[in-house]
Amino acid sequence: MPKKTEAEALKEKLFYERKHASYVCDEKEIKKADDYCREYMNFLNTGRTEREAAEYIIKAAEKQGFVPFEKNKKYKAGDKVYSDIRGKSVILCTFGKKSLKEGVRILAAHIDSPRLDLKPNPLYEEDDLALFKTHYYGGIKKYQWPTVPLALHGVVFRKDGSCVTVRVGDEPGDPCFVVTDLLPHLDRQQADRPMTKVIKGEELNILVGSRPFGKEKGDNLVKLNILKILNEKYGITEEDFLSAELEAVPVFPAVDLGFDRSMIGSYGHDDRVCAYPSFTAQFAVKKPAYTCLTVLTDKEETGSDGNTGLQSAYLKHFISDLGEPYAIPGRDILRASSCLSADVNAGYDPTFASVYEKKNAAFLNKGIVLTKYTGSGGKGGTNDANAEFVSLVRQAFDKANVVWQTGELGKVDEGGGGTVAKYVANLGAQVVDVGVPVLSMHAPFETVAKSDVYMAFKGFKAFLEF
Ligand code: MN
Ligand code: MN
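Parameters at a glance
- Residues numbered from 1 in each chain as written.
- Chains lettered and ligands numbered in written order.
- Predicted model: local features only at pLDDT ≥ 70, side-chain atom pairs only at ≥ 80, totals over all residues.
- Heavy atoms only, no water.
- Donors = N, O, S within 2.8 Å, 3.2 Å for Na, K, Ca; no water.
- Helix = DSSP H or I, 4+ residues; strand = E, 2+ residues; numbered from the N terminus.
- Buried < 20%, exposed > 50% of the residue type's maximum accessible area, 1.4 Å probe, protein only.
- Disulfide = S-S within 2.5 Å.
- 1 Å grid on protein atoms, 1.4 Å probe; cavity = no way out; pocket = protein on both sides within 12 Å on 5 of 7 lines; lining within 4 Å.
- Points joined across faces, edges and corners; volume = space filled by probe spheres on them.
- Nonpolar A, V, L, I, M, F, W, Y, C, P; charged D, E, K, R; others polar.
- Domains from an automatic or database assignment.
- Contact = heavy atoms within 4.5 Å.
- Buried area = accessible area lost by both parts, 1.4 Å probe.
- Salt bridge = Lys/Arg side-chain N within 4 Å of Asp/Glu carboxyl O.
- Polar contact = N/O pair within 3.5 Å; in protein donor to acceptor, adjacent residues only side chain to side chain.

Draft legend 1. Highlighting the coordination of the manganese ion (ligand 2). At this site the manganese ion (ligand 2) is bound by Asp270 (OD), Glu301 (OE), Glu301 (OE) and His442 (NE2), with donor distances of 2.0 to 2.6 Å. Coordination of the manganese ion (ligand 2) draws on donor residues from a single chain, spaced D-x30-E-x140-H in sequence. The metal-metal distance between the manganese ion (ligand 2) and the manganese ion (ligand 1) is 3.3 Å, with Asp270 coordinating both. In this pair, Asp270 sits in helix α7 (residues 269-284) while His442 sits in the loop between β20 (437-438) and β21 (446-449), placing the two residues 172 residues apart along the sequence. Side by side, Asp270 and His442 carry an identical accessibility label, which is buried.

Draft legend 2. Molecular detail of the state of the cysteines. According to the stated counting rule, one finds zero disulfides in the structure shown. There is no disulfide at Cys93, and the cysteine sulfur nearest it, in Cys292, is 8.2 Å away.

Draft legend 3. Examining the coordination of the manganese ion (ligand 1) more closely. Coordination sphere of the manganese ion (ligand 1), protein contribution only: His110 (NE2), Asp270 (OD), Asp343 (OD) and Asp343 (OD), at 2.1 to 2.6 Å. For the manganese ion (ligand 1), the single-chain donor residues occur in sequence as H-x159-D-x72-D.

Draft legend 4. Representation of empty space enclosed by the protein in the model. All told, the structure shown has one cavity of 30 Å³ or more when counted by the stated rule. There is about 30 Å³ of room inside the largest cavity. The wall of the largest cavity is formed by Ala21, Cys25, Glu29, Ile30, Ala33, Ser451, Tyr454 and Met455. Across the lining of the largest cavity, the residue classes tally to six nonpolar, one polar and one charged.

Draft legend 5. Region of the structure containing the domain arrangement of the chain. The assigned domain composition of the chain is domain 1 (6-113 + 267-465) and domain 2 (115-250). Each of domain 1 and domain 2 was reduced to a C-alpha centroid, and the two centroids are 34 Å apart. With 19 residues of domain 1 in contact, the opposing surface of domain 2 contributes 16 residues. Here domain 1 packs against domain 2, burying approximately 1,400 Å² in sum over the two surfaces, 47% of which is carbon and sulfur. If you look at where domain 1 meets domain 2, you find four salt bridges. Among the salt bridges present, the one from Arg51 reaches Glu245, with a minimum N-O distance of 2.4 Å. Viewed at the interface, domain 2 and domain 1 are joined by 10 residue pairs in polar contact (both at pLDDT 80 or more). Among the secondary structure elements, those contributing two or more residues to the side of domain 1 that touches domain 2 are α3 (27-46) and α4 (50-63). A total of three residues in the side of domain 1 that touches domain 2 trace back to one element, the largest contributor, which is α4. Looking at side-chain class alone, the side of domain 1 that touches domain 2 contains three nonpolar, six polar and 10 charged residues.

Draft legend 6. Seen up close, the layout of surface pockets. Quantified by volume, the largest pocket comes out at close to 1,100 Å³. Lining of the largest pocket is provided by 39 residues; of these, Ala346, Leu409, Gly416, Met441 and His442 occupy positions nearest its centre. Per-class residue counts for the lining of the largest pocket are 12 nonpolar, 18 polar and nine charged. Two domains each put at least three residues into the lining of the largest pocket: domain 1 (6-113 + 267-465) and domain 2 (115-250). The space that makes up the second largest pocket amounts to roughly 610 Å³. Breaking the lining of the second largest pocket down by element, the ones donating at least two residues are α1 (6-14), α10 (387-399) and β18 (404-406). For the lining of the second largest pocket, the leading source of residues is β18, giving three residues. Here the lining of the second largest pocket is composed, by residue class, of six nonpolar, three polar and seven charged.

As structure tokens, this is what we get:
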């Protein structure tokens, strides 16, 4: 190798440069990342909704020896418990060697994703077609959802209070459903609409049938035929939709993306791509110094409101319950605690380069993104992580050879967004956002790089153990 010039040597010493995982990891580690991602893809295909993800996580945790948390019980280092928050959020906890007075380590990711929810009275017939009315959930670009094959997942509570689980559309042989779009030959009026109204909210109607019941002429016979099929299969009537939660999600399973298979295309990466590394990192930590919590939460995509979202008191109360047998107030634990808000950030997309500020954007394959602040309009509505805490996380990542980068959500004043970070920060803990860069975030089919998914696992584990 030719000798470095003085300037080259000095640059190496003084300049900051993002590193591509392929130049940092050896072949063994790249293979490890690919193997890890196969399991992640299985999680993506199984847990399509927050309920299904929560169920998957609880089952996986039980296999790892986690048991339901009991209040007023004293636990010892290495004990593993979980708390099921109404079937839609989960807290996992592994007790550490240190006293709770020294705080806990928290990973917080969300398991809800943008989708189309059925309205409480969804089914109607118009011009011999049966359709479902929907109300979209989370920040979607509405024009992306027509002509995407959809599956229907959720629960229906019948008149007598009994519950039936619905999951139809994504098993081989299942029928699926679709929101229709206008043909280009007749879209002149539609073409003049602004992007947010190319498809309007009330146009997100899902086609579910077209054949009438029987041979008699009459009203609503296509709708009747659908209800007959639903009644035979699920034992439900139209009124039972009133007490149902049914979510339409894209049918297509997670797939390898690219000739080099370096990426994964799937529905729901945001934020299962951080949820999966979070709970698997928690599983990998056996007898940690600090008590470790992983919070897999619902409702992030709609602002974290509601009793399964992180604006509610469920995390605060759980932490208070942890301290109670030792007479340690929850507020003392929280004050000493630290948290990685594990959520995705926008990956730099060369096709839409103008919205990113390249020096502070996150790139695919350059590791997990540490996002100091999100928000908009001059850092409004965000947790802005303290430099003290960023320094600690930096040390934890570097010690474990984690490939990581920093990133902002686009150019200043280009747009904005938020995560659960501020809600955990509002409890008094140290928090910073760390997650995987994503392309086409919130689309029915999002893209991530496999090496970044693996680095999330590695980074989260390093944080819990640091
Ligand atoms: Mn997210
Ligand atoms: Mn999101």
